[in-house]
Every structure is written in C-alpha cells, then in structure tokens.
Amino acid sequence: MFNGIDKLLFILEDGGRKYDIDKISEAYEYAKEIHKGQYRKSGEEYIVHPIAVAEIVAEYSMDTDSICAAFLHDTLEDCPDKTSLEEIRIRFGNDVAELVDGLTKLVVLKSENQEDTHIESLRKMFFAMAKDVRVIMIKLADRLHNMRTLSAQPEEKRRAIALETMYVYAPLAHRLGMQRMKAELEDLSLRYLDPKGYEQVSESVNQKYGQTMGFLEKIREEIKKELTKNGIKFTLEGRVKSVYSLYNKIFVKGRSFEEIYDFYAFRIIVETNSNCYETLGIIHDLYNAIPNRLKDYISTPKPNKYQAIHTSVIGEDGIPFEVQIRTKEMNQIAEYGIAAHWKYKSGEQSQPSVDEKLEWISRLIEQEENTENPDDFYGALKIDLFQDETFVFTPKGTIITLPQNANCIDFAYKIHSEVGNHMIGAKVNGVIVPIDRKLNNGDIVEIITSSSSKGPSRDWLNIALTSEAKTKIRQWFKKEKRPENIETGKNMVVSEMRRLQLGCTTAEFNSIMEGIASRLGMGSIDDLFSMLGYGGIALDKVSSKLREEYIKVVEPDKNIITSVSQIAVVNPSKQLKGFRGVIVDGLEGCQVKFAKCCNPLPGDNILGFITKGYGISIHKRDCQNIMDLMKDQPDRFVNVSWSQSINDSSDGSNYEAFMQLFVEDRLSMLADISTALAEMKVSITQITTQKTQNNNVIVNLAVTCKNLSHFNNIMSRLKDISGIIDVKRGFGK
Ligand code: MN
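Being a predicted model, the structure only gives us computed values, none of them experimental.

Undergrad: Sorry if this is basic, but what is going on with the packing of helix 1 (residues 6-15) against helix 3 (residues 48-59) here?
TA: Relative orientation and spacing of two packed helices are given, respectively, by the angle between their axes and the distance between those axes. Taken N-terminus to C-terminus, the directions of helix 1 and helix 3 make an angle of 5°; their axes are 9 Å apart at the nearest point. One element, helix 1, and the other, helix 3, form an angle in the roughly parallel class. Here Lys 7, Leu 8, Ile 11 and Leu 12 of helix 1 lie close against helix 3, whose contacting residues are Ala 54, Glu 55, Ala 58 and Glu 59. Residues that form the contact of helix 1 with helix 3 fall into these classes: five nonpolar, no polar and three charged.

Okay, structure coming up:
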C-alpha cells in the first residue's frame, strides 16, 4: 500500500524525466497543511483528492509546476482563510500561482442551466481561457478523480455532475486528443446518466465475452505468429471496446449487438510507418477484410492529430473484429494527446495569426470527409472563431458573453437595464474597479447598485462598447431628461454651426432647424434637439444637412448637385496608374479606400466620396448608400475611374470580393468549394457559415480576385458544384 506521495514519486521515477522533487514535496506538505481537518464525502481525509489528481497529472507526463498546481488546486477555493494567491506566488513562484488561479476561476459549473447553448459556451470558454492549456488538463484530471469517486456524492448531485462530464469534459478531452481520458470519463458518466442502459450493455458484454472467451487468445496467437515470421517487432493488445462506445452504437446509432464489427479490437504497435502498412497486409492475408472499413489516418491524420490505420476483418469463426495499427509515437499521441508532444512557451501564448487560423480551418475542411458526425466538424470550426468574444461570470456563476474589450458598463446593461441605470460601481474578482474597466475571460463581475443613483452619465455613451448598452442608456435619457436633452442637443447644433462657420439670425436658425426636423421625419425642433441630446441620432446626421438647409434659407441662389448623373464620367487615362488602381478626378496618388457596403471591383462603375480624414472612399455608382449620401452631402462627391492598366488586369492586383453561397448541407461541401477555388488559384480570406431555417447553409465567402470579370468567372464556376443552389455577390461587414 502506498503512503502519501510514494505512488506519485514512483510514477515520476518510472516516467524517466527530470522533476524538482523538493518543490513537489513542498507543495504536497503545504496542501496537506491547508486541507488539514477537512474530509471528503467518502469520509477520507481531503488530501487524498489532491494527491490523486497530482498522480493523474503525472501519468500524463506534465511538468513540475503542473503537479504542484494539482496539489494546490482546491486550496484557494476551499480555504481562503488559510492561504492566498500571493502566498502561493511567494512559496511556489509565478507559474504555479497562475495555474492555481486559472483552476480556481474555472470552478463554475454550479448553475442548474443545462441548455445546449449554455453547454456550448462553457466549452468555448474553456478554450478561450486556455492561455495556458495546462489549466484545462489539470482540470480534466480533477474531474476524472471526482468521477471515479462520484458514488460518495448525494444522488441528486451525481446526475448533474455526470451530465457536465459527458457534455463538457469528455469532448474537451477528445479535442485535446486524450482518448484514454475521454473513454474513462464517458464510461463513468454513462453509469450515472443511464444506469439501466449501462448495466444492459455491460451484461451483454460479459455474456458475449464469456461465450467467446478463447477467441481473443486464439487471434492473438495467430497474429503474433505471422508478425514474428515476417520479422516485425511489435506489441499487441486485445480488448473489448469501452461500454460507452458500444452503448452509443446500440442506442444512438441503432445497431444490434450482433452487427457491431469492432466489439473486439486489437491494437498492434510497431516501430515504423512502413511496418504499419506491412502489418496491414499481413492482417488482410490472414483474415477477410470487411469492405469500406479501412481507414488510413496515417496519411491523413484526424484534426486532433490522431494517426493510425483501422481495419475490420472476420476470422474463421465468423466473429468480426477491428485492428488498429500504429507506431509507438502515434500511440502516445492517441492516448495522451497534447501531453504527448508537450511543449509550451513561457508567459502568454501568442494568438494565432489570420494565416495560421485559415490554414488550420483548411486542414479541418480536408478532414471533413473523415468525420463521422458533421456537427463535430462545425463545432470544431466554431472553437477557433470566437476569439472576438469574452466570457465572464456573474457572482452566481452564470456565464455572460460579451464582445472583446467590453467593460463593466456593458456587463451591467447586459444583465438588465435597471442594473445599468442604478450602477454606482463595480467589482471584478472581488476588487472595486473603475466602471470602464475592460473585462477579461473568466472575470467574476459584480455590479454595485444603489436605489438613490442618479442614473447613467452621458459619458457612458462613449465608454460603452455594445450597442445594447448604448441603446439602453439612450432610452434612459430619452425618458428621464427631456428638458436637459433639448438644451444639450441645441448646444451641440450651435457649436457645430460655429465650427462650419455658418452664421445666421435666430429666425434663420429656426427655419434651418425646421427644415432638418421635417426631413428627418420629426414633429418639432424640440424633438430633434431632444433626440440629439440623448444620443438617439448622431450629430453627423444633422450636420450633413446643415449646409444644405443653410444655403436654402440664407443663400438660396447657390447651385448644388443633387444626383449621381450630374457628376461627369471621365474616360480612364492610359498614363496614370492611380492609387490601388483608382484615379481621382484625373489626379494620381490620391489616398483611396474601398467602401465595405458595396466592395467595388475593377470593372464596376464607381464614384468617390470625400470622407473626413480617410481620403476618398470608393463606391459603386448603384450603391444604395450613395443614393442616401447624395441627398445629404452632394458637395462631397468626386469623379473617379479605374486606371486603364487595372482594366487590362495585367498587373495582377488583388482585390477582396465577397459572395454568398446558398448550399445544401451535405458532407464535404466545404471541401468541394475550397478545392474548386484552389484549382483556380483563388485564395479564401474569410469564410463563415450559417444554417437557414429550411436546413440549407449560407456560406459567406471572401476571396481575392483581379477584377469584375474574374470574379464573375469564379462565381459561375462555383455554381456548377452539385448541391450549390445559388451564388450571389455579397458585401463585407
Ligand atoms: Mn478538486
């Protein structure tokens, strides 16, 4: 019988790596001290749990700091009076402290909310927080031990914990490639989620296993003999599949027990890649291969880097079985996943670049065919695509999703407008912070409210990031402060007119404002001022009409442009190259940008709009925004044209163009699209998908192309792919 950390030390020694045993022992002694007097539900001393977690972490060959963190993972949460993050930092260094802190914050699964969306955001959050993936792995070890000892928990808790494990933790282990962890978590969960089903499958297994007891042994001998004869070095494991994977095949996929080809599985571990294929040949010589069951994950690894060859065969007795063939190295990766090729940088992990992200996605697209469940595929995509979101908690542990860089004001209004309107302060992770404090993943946010609060301040409109918060703040001002709003709005207009140097009398001012109010569909000048005051309309909207109304009232003789056709089309010049292929009013080198609302391409009829400070923005002549802008600010349009060289398309400039594809939701659709584009040497710069109500999929795609006709060619090529219902030109956001 092992005592204390004897077993851990044995595992470490057996692993043959270097560890700081003194530090590990110290972490153990410290954890024992902190947890002294605490007991588990089973009646054992509490320290038994951290020891077990540390052992699992060690089995996965994780480093000294991870093992220390495993010992300390429950100290902050359970014994805040005996220790602190600072104390741990001083004793064990920054890395251990950061790990323990991460682990403490991940203790969130106390809410009763088991809806799919909640579970989905939990999974996302885990990954979002994985600045240090060790935190997730230690968390999985923690959960594994809790599952192994779940029977000590009261009945009503068991189910909730098992459900979480099945839907959050096991898929996480899978994504990290930790198959052994995943299988054990699933088997343990199933035992509590469907005790009857579990029992039924286990019984059938025992029964069937009993009937064919000699079978595994016989096959094992046959394979051994043949491999040895061929001079292949190997180890061989024969086993019965996990209860959960059999359960899944019987109850979820509706197969009968007899139909299961891989009830028995043999795993042959050899030395080299070519040994794998040789072994496959030998197996197929010995037994009859079942058609369509051969999967070569060596040449095309799974997204989680799993590699092996799988085949199913039938022996002389007519019993089918699966054979998995892999090298030692592949086996390590399969069982221990990310831990097998363990590498991490010190400090912050760098975010993947856009290119890395796209490469990763395209790799997943290639894998799509090998994915049994397309949901897995889309699910995997989602995980890397939510980097724009931040996940924070209420003090009760509910997850609130906000855009990246959101702050406490956004949080408060996301909870409820009344919370926002009565906010007088905020706490993040228990510490009072300024209300504009930016929120980070995993922060626990508490809003301090007071019934005597005077309501939000106008500055909040600039500080809040989400439109939800802004709208609610504006609503408050609209309701609560009409006289003040009118005053504020009027002052805004007066100072804007001063800035534009538009002087006039009070009577003229009133008729200018009446003109604008009626153009904006507002009943009175006061309504307009009030709306400006609470921010219901941007000053820009009014400002853009000021000059026009001013001219109407004060200088009615001045001539102004009111339609696109009044701006002449100038023939493109052969000599001028222009900036990004655009020549502005016959001038070379004007700074231009392409409007996102219509994304013009060389070949489109275009028009320029003089922006405030960003040069000329280029729109298509038939862009709806042009029509609107023309009504308000006709004096800011200029004639632009494509330079001749661009229309010839010989200089290979690349323009981003957008399209929307309406497609049937079938397997390898994305792979077909990306293959077609790759054949045309067109690169994808953005891709998102969304399901429609009738179960088709809309794919929003951005590609680079040379000009309009090139783009039209690309679209018509895609239309030919089977299952693509329609392709339309689209626009960026
Ligand atoms: Mn624990």
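From this point, the discussion proceeds with the structure in view.
Undergrad: Looking at this structure, I do not really get the nonpolar core. What am I missing?
TA: Side chains of nonpolar character tend, in soluble globular proteins, to be buried together. Counting 96 residues, the largest nonpolar core has Ile 67 and Phe 71 as its most contacted members. When residues of this core are assigned to their parent elements, the largest contribution, nine residues, is made by helix 9 (residues 155-175). Both domains that meet at this core, namely domain 1 (6-152) and domain 2 (204-338), each give it at least three residues. For Phe 71, the residues in contact, after removing those within four places along its chain, are Ile 5, Leu 8, Ile 24, Ala 27, Tyr 28, Ala 31, Pro 50, Ile 51 and Ala 54. Grouped together as the second largest cluster of nonpolar side chains are 36 residues, Tyr 655, Met 669, Leu 670 and Leu 708 included.

Undergrad: Please clarify how the pattern of salt bridges should be interpreted in this entry.
TA: Here the idea is simple: oppositely charged side chains can pair when their charged atoms come close. Applying the stated criterion across every chain yields a total of 23 salt bridges. For the salt bridge of Arg 91 with Glu 87, the shortest nitrogen-to-oxygen distance reads 2.8 Å. Highlighted residues: Arg 91 and Glu 87, both in helix 6 (residues 85-105), separated by four residues, approximately one helical turn. In this structure Glu 87 comes out as partly exposed when scored by relative accessible area, which is 29%. Its salt-bridge partner being Glu 217, residue Arg 220 comes within 3.4 Å of it at the nearest N-O pair. Linking Arg 220 with Glu 217, this pair stays in helix 12 (residues 213-229), spanning three residues, or about one helical turn. By relative accessible area, which is 41% here, Glu 217 ends up partly exposed. Residues joined in a network through salt bridges with shared partners are Glu 86, Arg 89 and Glu 98.

What counts and what doesn't
- Residue positions within a chain follow its written sequence, with the count starting from 1.
- At least 70 in pLDDT is required for a residue's local features to be given in this predicted model, at least 80 for side-chain atom pairs to be given and counted, and no such filter applies to totals for whole chains, interfaces and linings, which use all residues.
- No hydrogens and no water enter the side-chain calculation; it runs on all heavy atoms of the structure.
- Angular values range over 0 to 180 degrees, each being the angle between N-to-C directions of two axes fitted as lines to C-alpha atoms, with helices fitted over their stretch in contact.
- Runs of E in the DSSP output that reach at least two residues are strands. Runs of H or I that reach at least four are helices, and both are numbered from the N terminus.
- Reported orientations rely on four angle classes, namely roughly parallel under 35 degrees, roughly antiparallel over 145, roughly perpendicular from 65 to 115, and oblique for the rest.
- Two residues form a contact once any of their heavy atoms are found within 4.5 Å.
- Gly is put with the polar residues, along with every residue not named as nonpolar or charged; the nonpolar set is Ala, Val, Leu, Ile, Met, Phe, Trp, Tyr, Cys and Pro, and the charged set is Asp, Glu, Lys and Arg.
- Residue types Ala, Val, Leu, Ile, Met, Phe, Trp, Tyr and Cys, when buried and joined through side-chain atoms within 4.5 Å, form a set referred to as a nonpolar core.
- Burial classes follow relative accessibility: with a 1.4 Å probe on protein chains only, a residue under 20% of its type's maximum area counts as buried, one over 50% as exposed, and anything between as partly exposed.
- What marks off one domain from the next here is an automatic or database domain assignment.
- Counted as salt bridges are all cases of a side-chain nitrogen of Lys or Arg within 4 Å of a carboxyl oxygen of Asp or Glu.

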